[in-house]
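Here is how the chains run, residue by residue.
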Amino acid sequence: MDLIDFFTNYTLRTITLGTAILGAICGMLGSFAVLRKQSLLGDAISHASLPGIALAFIITGVKDPNLILLGALISGLIGTFWIKGITKRTRLKSDTALGLILSLFFGLGILLLTFIQKMPNANQAGLDKYLFGQAATLVEQDVLIMASVTGVSLIVLLLFWKEFKLLLFDPDYTKTLGFNTRFLDILITFFIVLAIVLGLQTVGVILMSAMLLAPAAAARQWTNNLSTMIILASIFGALSGIFGTAISATQNNLSTGPVIVLIAASFVLISFAFSPSRGLIFREMRFRKNRKELHLKKTLTFMYRIAQNHDNISHPHAIRILNNFQGFTKKSLLKLENQELISLSGKQWALTKKGYEEAASINKKLGKSDD
Amino acid sequence: MIQKKYAIQIDDLTVAYNYKPVLWDIDLLIPEGVLMAVVGPNGAGKSTLIKAILGIIKPIAGSVKIFGKPYKKQVNKVAYVPQKGSVDWDFPTTSLDVVMMGTYGSLGWIKRPGSKEKKQALEALEKVGMLEFKNRQISQLSGGQQQRIFLARALVQNASIYLMDEPFQGVDATTEKAIINILKELRKAGKTLVVVHHDLQTVPEYFDWVTFLNVKGIASGQVKEIFNDNNLTKTYGINYKVAINK
């Protein structure tokens, strides 16, 4: 399939739109999960939805995607509230509770799936597509559901923006101001569960949490503003969906879910490497530059102290006397000369007027602390 | 019975996290307009007391009244300064934004802060000497600056009662002076302040009222009357000796 096909093919357009919307809502709600340090919650919820998928089929006997998603939603919610209950009522830490519920529900889900496979019902095949997702099965109605859930959660987000921000930053304080933190918590959690369940058909139980976390983690690298972070995360998520679908459609037999997740992961990698303020590469570069600058400043102030002993600030001194000073190298002297802070002649150096003033101001600045 | 006005009235308060009680049968009357230190050893339940007053922790038994009514009806009269270590300072926001959060309570649900709230926040930032850092990313603030931001956030609430959990923890001498001056100003304005405090040396200098706490309430009253070796020993154990400069 070539690119022109990609834009004219109706089925493909539906799928692309679906994965883009899914990416956007996951990025938006994933930001909350990441900032609440509940990154693993998404993983637990998606795994917890598996028994619901299987039970929905066993009980109804039909493979209606909407009923199955309803089952996933109920089972995901039960898992989530068990996790919260365990953390609240026992002394187990939340990572233990998450791991416990995740494996318990997933184990139960797999058990039920194998049970279904042995049932004498021809309708059984295809439930395991929820494990890894199958974007190709997306139809217009699925996309409509995704779009309306995204719309509703956007409205709720805008409505309770102030309360959500407060809750994310300081939950105890939120409570003391008279806000019902339980209500806010349930609201956020409900929408996170909903987003995960929506993504099961496309990305699958196992990889779903990456959809939630990767765009948010990537977005956090680029901004220090909460609203910008959420918008960026939605864009990264949507782009992952679009590119992922495009790549899997143009390359034969690549399954869409994993490709989308890999694209999202590459957003994370790029962000961690190249973001200007938090990225590893720029941070390392800044760090080196800072060290070099400090080095020059230190050399200059050392010269300043020597020069202070003379009436004439530009009195020449032997380079030799700098040998006791650790920061001194030939290269740093040349650099200082380039900046016209000192003048060199033969084996002697002298501070220029500019250099003297610069050194004096460095001394003054470092004497005053920030706090 | 004489009806005296108490800012906070605590009766039979008992709090437990798991099995062991953290606070046992606390009776405490905090008069209006005092600057009170809560002192006691580690694990004495000082922070828990503050959290129980604020309703963050549900007590097993007992009641807390703020100006004679339950906390839920008086949320706008109480401001809280948590320990600065209780939040993640890498949160994507600025100093000004955090201070604005102090206005959220009086705004109530859904309503957004506007120019009036921003003005209040800027004034509070100025009071704590942090105006020049208003657009600073909070992760780039020093410990002392973070503490000032939390104080400013509480100031914005314009409450009658201020509950503070170790506001002097990990701040330098300059910041400590700046904070205590603000606290003293608040008391002069008739506010009631309850401060969890660790440095016993400075109690007589900073505070006029003190509560000794070690799971049970040991004593509570005016600093000049009850801040003595006897109560300190009862609170901290037999071997505790402290020089009180008188």
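What you are looking at is a predicted structure, and each value in this text was computed from that prediction instead of being measured.

A few words now on the packing of aromatic side chains. For the structure shown, the criterion picks out 16 aromatic pairs over all chains. On the basis of an interplanar angle of 45° and a centroid distance of 5.0 Å, the ring pair of B:W89 and B:F150 is categorised as tilted. Of this pair, B:W89 sits in the loop between β5 (78-81) and α2 (95-100) while B:F150 sits in helix α5 (residues 143-156), and the two are 61 residues apart along the sequence. Accessibility classification places B:W89 together with B:F150 in one group, the buried group. Feature note: the residues A:F32, A:F160, A:F164, A:F179, A:F183 and B:W109 constitute an aromatic cluster, connected by ring pairs. The positively charged end of A:K162 is found above the aromatic ring belonging to B:Y104, 5.7 Å away from the centroid. A cation over an aromatic ring shows up here: B:R153 above the ring of A:Y173, its NZ or CZ 3.4 Å from the ring centre.

All right, on to the interface of chain A and chain B then. Taken together, the 32 residues of chain A in the interface contact 41 residues of chain B. Of the roughly 3,200 Å² buried between chain A and chain B, counting both surfaces, carbon and sulfur atoms make up 58%. In this structure, the connection of chain A to chain B is made through five salt bridges. Among the ionic pairs, B:D90 bridges to A:R220, the shortest N-O distance being 3.5 Å. Listing elements by their share of the side of chain A that touches chain B, those giving two or more residues are α8 (140-159), α9 (161-169), α10 (171-176), α11 (181-203) and α13 (226-250) of chain A.

Residue and element names in this part refer to chain A. A sheet is described by the order of its strands in space; here three strands give the open sequence β1-β3-β2, paired in antiparallel fashion. In this open sheet, the two edge strands, each paired with only one partner strand, are β1 (317-318) and β2 (342-345). Note: β2 against strand β3 (residues 348-351), four bridges, orientation antiparallel. Bridge assignment links S345 to a residue of β3, and that residue is Q348. Across the sheet, helix α15 (residues 280-307) is in contact with β1, β2 and β3; its angle to β3 comes to roughly 85°.

A common way to state how big an interface is: give the accessible area lost once the parts meet. Here the domain parsing of chain A yields domain 1 (3-278) and domain 2 (285-365). Here domain 1 of chain A and domain 2 of chain A have C-alpha centroids that lie 59 Å from each other.

Let us look at the nonpolar core. Ranked by internal contacts, the top residues of the largest apolar core, which has 173 residues, are B:I8, B:L49 and B:L183. Tallying contributions element by element places α11(A) first for this core, with 13 residues. Setting aside residues no more than four positions away along its own chain, B:L183 makes contact with B:L35, B:L151, B:M164, B:F168, B:L193 and B:V195.

All names here are of chain A. You can see A264 is positioned in helix α14 (residues 256-274). When its relative accessible area of 1% is taken as the criterion, A264 is described as buried. Each C-alpha atom of the pair A264 and A218 lies 8.5 Å from the other, and the pair is 46 residues apart in sequence.

Here we come to the side chain of B:Q137. Residue and element names in this part refer to chain B. Looking at where Q137 falls in the secondary structure, it is placed in the loop between α4 (115-127) and α5. The class for Q137 is buried, based on a relative accessible area of 7%. Polar contacts involving the side chain of Q137 include one to the main-chain carbonyl oxygen of F91, which spans 3.3 Å.

Along the chain, the position of B:Q157 falls in the loop between α5 and β6 (161-165). In this structure B:Q157 touches A:Y173, A:L177, B:N76, B:V78, B:A79, B:Y80 and B:G102, once residues within four positions along its chain are discounted.

Residue and element names in this part refer to chain B. One non-glycine residue with positive phi stands out, namely D12, at about 50°. Note that D12 resides in strand β1 (residues 6-16). In this structure, N158 is a non-glycine residue whose phi angle is positive, near 50°. By secondary structure assignment, the location of N158 is in the loop between α5 and β6.

Each value, and the rule that gives it
- By convention here, each chain's residues receive numbers from 1 onward along its written sequence.
- By the order in which they are written, chains take letters starting at A while ligands take numbers starting at 1.
- Totals for whole chains, interfaces and linings use all residues, but because this is a predicted model, local features are given only for residues with pLDDT of at least 70 and pairs of side-chain atoms are given and counted only at 80 or more.
- Side-chain numbers here rest on the full set of heavy atoms in the structure, without hydrogens or water.
- Pairing of aromatic rings covers Phe, Tyr and Trp, the last counted by its six-membered ring, and requires centre-to-centre distances within 6.5 Å; plane angles under 30 degrees mean stacked, over 60 mean edge-to-face, and any other angle means tilted.
- Here a helix means four or more residues in a row that DSSP labels H or I, a strand means two or more in a row labelled E, and each is numbered from the N terminus.
- Categorising residues by exposure relies on relative accessible area from a 1.4 Å probe, with only protein chains included: less than 20% of the type maximum marks a residue as buried, more than 50% marks it as exposed, and the intermediate range marks it as partly exposed.
- Two conditions define a charge sitting above a ring: the NZ of Lys or the CZ of Arg must be within 6 Å of the ring centre, and it must be within 35 degrees of the ring normal.
- Note on definitions: a residue-residue contact is assigned when non-hydrogen atoms from the two residues lie within 4.5 Å.
- Buried area, as used here, totals the accessible surface that two parts lose on assembly, with accessibility defined by a 1.4 Å probe and the loss added over both.
- A pair is scored as a salt bridge if a Lys or Arg side-chain nitrogen falls within 4 Å of a carboxyl oxygen belonging to Asp or Glu.
- The pairing criterion is simple: DSSP has to find at least two bridges between the two strands.
- Axis lines are fitted through C-alpha atoms, for helices just across the contact stretch, and the angle between N-to-C directions can take any value from 0 to 180 degrees.
- What fixes the domain bounds is an automatic or database domain assignment.
- We define the nonpolar core as a collection of buried residues of types Ala, Val, Leu, Ile, Met, Phe, Trp, Tyr and Cys that are connected through side-chain atoms lying within 4.5 Å of one another.
- Polar contacts, as used here, are pairs of N or O atoms within 3.5 Å; protein pairs need one atom able to donate a hydrogen and one able to accept it. Residues neighboring in sequence count only if both atoms are side-chain atoms.

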